[in-house]
Amino acid sequence: MNGRGKWIWRRLLALAWAFFVLIALLALTGAAHAQSFSRLDAGQQTVTAETGLQSGVVTSVGYARGMQLRAGDPTSRTLIPFAQATLLVARPDLHDYGLRAGAQISVVSIGWFDLSAQLALGVAGTENSIYTGTALRTDLALLAGHYGRRWFAVAEAGYDRAWLTYIENSAYYRAFYPEAKDGWYAGTGGKLHAGAKGGVSIGPVEVVLRAGVVRTETLEDLDLPFYATLGANYRF
Amino acid sequence: MRTHFALLLMTAGLAACDGIHDPSLAGNLVPRTVDEDPTLPSIALAGTVFHTEAFGDPSKPVVIMLHGGPGGSYRDMLRLNDRHDGYALTDDHHVIFWDQRGSGLSRRHDCGAYNLEQTDADLVALVEHVSPGRPVILIGHSWGGMYASLYINRHPDKVAGAVLMEPGPLNGAMFDSIIKDLYDLDPFSEWLNDDVWDGQFLTADDHARADYHRMLGVRDSQPKYHQDETDPALSWRLGAVANSCLIDSATKDGKANYDFTDHLAAYTKPVLFVASAKNEVIGVAFQERQKQFFPAAELVTIPDSGHDMQWTHPAESLAAIRSYLSTVAP
């Protein structure tokens, strides 16, 4: 990690601790029937809200529902399509955003143990001092753990990649390098992450904490080498 | 049918573009270095290749420019080479501009190639190459002023004089005294969130992408330095790995672990400090403390300027340098 990265990390770590403390307090308030976003039954729906540190100070809203993989066959596995929209909330504007849609499905379920896979396609946008960009992305994640009635805890690992990114260099950057090429760039970035996700339910509301570490796809450091988010889901 | 139509549209859209670029290929997002562009002026020394230019009569006393960073480039010092008020450095000196190891347009290396010992060895080799057997004059800006101090601290007999333009902290204690003010680390600041959000688009998995990403904080990360936003001090290209790895090599357990001052008391020749009037972190007050490390140092302030004074106020900066150089024995 470089010098600037370390300073950033220390400062943002303080915010992460605040989230940990908050989730601990919430857990102590008790729980009711648990049903995570990850394990919706067929016919169930949920709206989600999530905020925290994940490539910035972000806030996301989303929607998911459980569906039978084979319509009309109650023995078939449940597919959970979902969609999520994310904005950077530091200085909210519509230029820094993420949109993703995908599905999750249980791959292996033995006793208390469940292994699920999640795949999403997405588009993300940014406008910063050196370029305006739009990325076409994929997110693949594996979630392994236990889903109880009132709580769940899973380990998660994933790989996300910007396969194709449109970059338009800013006038500011062109002062430095006038020949910088605008256009589509292939394979501009990829990240690996590993962490944990857990939650408790209070009636139809579920509170979920996610936290973990993240590296580039070649295991280089990032300026923000971890993520920590707090979410609330409402099931109906 | 809809799927096919969408694919057709996407294919047509991509084909209409000027191809799909490789973000790792120099020349696309960042300029080529001396390794990728053999037409760039360069010199092979100390196991690397430096991007370098020389101006003036080689028989005259040598001035070596030391740019900021680490990881910057000499481009933002070139205005000091222009003629101002009827005077140019090249009237009396042979002036050497060079991009330091892994910086600007010089050759890139892996992280292990950057440490203070190698940094010293690079300048030893350069001095020996451009001014064999004759002391040089060093003009360093920011990190370049620290670099000059490192060299004077180790090789006082090889330096005829030095101009330190708002150098960063010359030892760990000075560094610790300003660390909280170096960067705007408000978690809700736009630049900081843009910097980490960039990971959704570009990751620093090679030098080209790392150097491009490094540009993100240049404009807004150090507001207390009061650098000019409308006429930004330009670099050829930043050296991200040089920057981070050299800094890491000089820190231990998160604390600065270097000292460029422990032998400076023996350097009795005049040294000029130049400070900007506006810099709130390493400006006049900070340099007043730093010049105490040298037995014979003077401080000149450039009015109405920020940290990039050599770029925004070259005439005033050069006037101070000219006055100082008139006191330096050739």
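Residues numbered from 1 in each chain as written. Chains lettered and ligands numbered in written order. Predicted model: local features only at pLDDT ≥ 70, side-chain atom pairs only at ≥ 80, totals over all residues.

Q: Looking at this structure, I do not really get the overall build of chain B. What am I missing?
A: Of the regular secondary structure elements, chain B holds 11 helices and 11 strands. The principal-axis extent of the C-alpha atoms belonging to chain B is close to 80 × 45 × 40 Å. Per-residue burial for chain B yields a buried fraction of 54% across its 330 residues. For chain B, the share of sequence-separated contacts (at least 6 apart) that also reach a separation of at least 24 residues comes to 75%. (Helix = DSSP H or I, 4+ residues; strand = E, 2+ residues; numbered from the N terminus. Buried ≥ 20, exposed ≤ 12 C-beta atoms within 10 Å, placed from the backbone. Contact = placed C-beta atoms within 7 Å.)

Q: Teacher, can you tell me more about the overall build of chain A here?
A: On a plain count of helices and strands, chain A comes out with 2 helices and 11 strands. Within chain A, the fraction of its 236 residues that count as buried is 36%. A sequence separation of at least 24 residues applies to 55% of the contacts in chain A between residues at least 6 apart.

Q: Explanation requested: the interface of chain B and chain A in the structure shown.
A: Frequently, the measure chosen for interface size is the accessible area removed from exposure when the parts meet. In this complex, chain B contributes 45 residues to the contact, which on the side of chain A involves 48 residues. Sorting the residues of the side of chain B that touches chain A by element identifies strand 1 (20-21), helix 6 (190-197) and helix 8 (240-249) of chain B as the ones contributing at least two each. Among the elements that line the side of chain B that touches chain A, the one with the most residues is helix 6 of chain B, at 7 residues. Residues that form the side of chain B that touches chain A fall into these classes: 22 nonpolar, 13 polar and 10 charged. (Nonpolar A, V, L, I, M, F, W, Y, C, P; charged D, E, K, R; others polar.)

Q: Looking at this model, I keep getting lost on the environment of I110 of chain A. Mind explaining?
A: Structurally, the position occupied by I110 of chain A is in strand 5 (residues 97-110). Through-space distance from the C-alpha of I110 of chain A to that of A85 of chain A is 33 Å; in sequence the pair is 25 residues apart.

Q: I tried to follow the sheet that holds strand 7 (residues 159-165) of chain B on my own but got confused; where do I start?
A: In any sheet, the strands associate via hydrogen bonds between backbone groups, in a parallel or an antiparallel arrangement. All names here are of chain B. Within the open sheet, the 8 strands sit side by side as 2-3-5-4-6-7-10-11. Their pairing is mixed. Both edges of this open sheet fall to strand 2 (42-45) and strand 11 (297-302), since each of them pairs with a single strand only. Ignoring strand direction, the axes of neighbouring strands in this sheet form an average angle of 25°. Two elements, strand 6 (residues 136-141) and strand 7, share 6 bridges in a ladder whose sense is parallel. Looking at strand 7, one finds that V136 is bridged to V159. (Pairing = 2+ DSSP bridges. Axes fitted to C-alpha atoms, helices over the stretch in contact; angles between N-to-C directions.)

Q: How do you make sense of the nonpolar core when you look at a structure like this?
A: Soluble, globular proteins show a tendency: their nonpolar side chains are buried together. Counting 61 residues, the largest nonpolar core has V63, I64, M65, I96, L138, A162 and V163 of chain B as the members making the most contacts within it. No other element matches helix 3 (residues 143-154) of chain B, which puts 7 residues into this core. Excluding residues within four positions of it along the chain, V163 of chain B makes contact with I139, L272, V274, I321 and Y324 of chain B. Y173 of chain A together with A208, C245 and L246 of chain B belong to the second-largest nonpolar core, a separate cluster that totals 32 residues. (Core = buried A, V, L, I, M, F, W, Y, C linked by C-beta atoms within 7 Å.)

Q: How should the packing of helix 2 (residues 116-130) of chain B against helix 3 of chain B be read in this particular structure?
A: What describes two packed helices is the angle between their axes and the distance between those same axes. Residue and element names in this part refer to chain B. Two elements in contact, helix 2 and helix 3, have axes whose closest approach is 10 Å; the angle formed by their N-to-C orientations is 80°. Regarding the angle of helix 2 to helix 3, the classification is roughly perpendicular. Here L116, T119, D120 and L123 of helix 2 come into contact with helix 3, specifically with Y147, L150, Y151 and R154. Of the residues assigned to the contact of helix 2 with helix 3, the class counts are 5 nonpolar, 1 polar and 2 charged. (Parallel < 35°, antiparallel > 145°, perpendicular 65-115°, else oblique.)

Q: Just checking my understanding: could you explain helix 3 of chain B for this structure?
A: Because each turn of an α-helix spans 3.6 residues, side chains separated by three or four positions end up pointing in the same direction. Residues and elements named next belong to chain B. Between the first and last C-alpha of helix 3 there are 17 Å, a value that for 12 residues agrees with the 16 Å anticipated at 1.5 Å per step. Burial analysis of helix 3 places 11 of its 12 residues in the buried class, which makes it a mostly covered element. Of the positions making up helix 3, those classed as buried are W143, G144, G145, M146, Y147, A148, S149, L150, Y151, I152 and N153. Residues of helix 3 that are buried sit in contact with strand 4 (62-66), helix 2, strand 6 and strand 7. (Expected span 1.5 Å × (residues − 1).)

Q: Hey, could you run me through the pairing of strand 6 (residues 113-127) of chain A in this one?
A: Each regular strand shows side chains that alternate between the opposite faces of the sheet. All names here are of chain A. Where strand 5 and strand 6 come together, 13 bridges link them in antiparallel fashion. Paired with I105 across the bridge in strand 6 is A117. Bridge analysis of strand 6 against strand 7 (residues 131-147) gives 15 bridges, and the strand direction is antiparallel. Directly across from G122, in strand 7, lies its bridge partner R137. In textbook terms, the turn of a hairpin is the stretch between consecutive antiparallel strands, and for strand 6 and strand 7 this stretch comprises 3 residues.

Q: Looking at this model, I keep getting lost on helix 8 of chain B. Mind explaining?
A: In terms of burial, helix 8 of chain B is largely enclosed, as 8 of its 10 residues are buried. Those residues of helix 8 of chain B not exposed but buried are A240, V241, A242, N243, S244, C245, L246 and I247 of chain B.

Q: Help me understand the pairing of strand 2 of chain B in this model?
A: All names here are of chain B. Pairing geometry for strand 2 and strand 3 (residues 48-55), over 4 bridges, is antiparallel. Note on strand 3: the bridge partner recorded for A44 is V49. What sits between the antiparallel neighbours strand 2 and strand 3 is a turn of 2 residues, in which A46 has the positive phi angle 50°.

Q: Where do I start with the environment of I179 of chain B in this structure?
A: Residues and elements named next belong to chain B. Note that I179 resides in helix 5 (residues 179-182). Using a count of 16 C-beta atoms within 10 Å as the deciding quantity, one classes I179 as partly exposed. It is 9.2 Å that separates the C-alpha atoms of I179 and V281, two residues lying 102 residues apart in sequence.

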